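Residue-level structure breakdown
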Amino acid sequence: MKITEWLEGSIPFHGVIATPADDEMDFAMLAGALRAEPQYAGFSVEALESACSDDISAHLMAHAHVVNMDGR
């Protein structure tokens, strides 16, 4: 499994879809929680950061924005 696949599977689990896309504090907390988990799946935190273009919170916000815009 690739880190990107793991990340996409983890996003719904963390409630990203239910979080308003403009709530930066909530995304910072979600990013902190997500940061703690890649080791259990065999990935490094650095790999997670790289998959998120070095900004986990912004990646989650962008994902939520897309989901909220197209209803996925």
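Below, the structure is looked at part by part. Just so you know, the residues in each chain are numbered from 1, in the order the chain's sequence is written. Selection of residues for local features in this predicted model requires a pLDDT of at least 70, selection of side-chain atom pairs for listing and counting requires 80 or more, and totals for whole chains, interfaces and linings are taken over all residues. Computation of side-chain values covers all heavy atoms of the structure but excludes hydrogens and water.

Quick look at the packing of aromatic side chains
So the rule is basically this: Pairing of aromatic rings covers Phe, Tyr and Trp, the last counted by its six-membered ring, and requires centre-to-centre distances within 6.5 Å; plane angles under 30 degrees mean stacked, over 60 mean edge-to-face, and any other angle means tilted. Only DSSP runs of H or I covering at least 4 residues are called helices, and only runs of E covering at least 2 are called strands; the numbering of each starts at the N terminus. For each residue, the accessible area found with a 1.4 Å probe, counting protein chains only, is set against the maximum for its type, and the residue is called buried under 20%, exposed over 50%, and partly exposed in between.
With the rule as written, the count across this model stands at one aromatic pair. Seen from their ring centres, Trp6 and Phe43 are 6.3 Å apart, and the 50° between their planes marks the pair as tilted. Separated by 37 residues along the polypeptide, Trp6 in helix H1 (residues 3–13) and Phe43 in the loop between helix H2 (24–35) and helix H3 (45–51) bring together distant segments of the chain. You'll find Trp6 and Phe43 in the same group, each marked buried.

A few points about the pattern of salt bridges
Using the following cut-off: Should a side-chain nitrogen of Lys or Arg be within 4 Å of a carboxyl oxygen of Asp or Glu, the pair is scored as a salt bridge.
On inspection of all chains with the given rule, the structure shows one salt bridge. Across the pair Arg35 and Glu49 runs a salt bridge, and its minimum N-O distance is 2.4 Å. Of this pair, Arg35 sits in helix H2 while Glu49 is found in helix H3, placing the two residues 14 residues apart along the sequence. By relative accessible area, which is 37% here, Arg35 ends up partly exposed.

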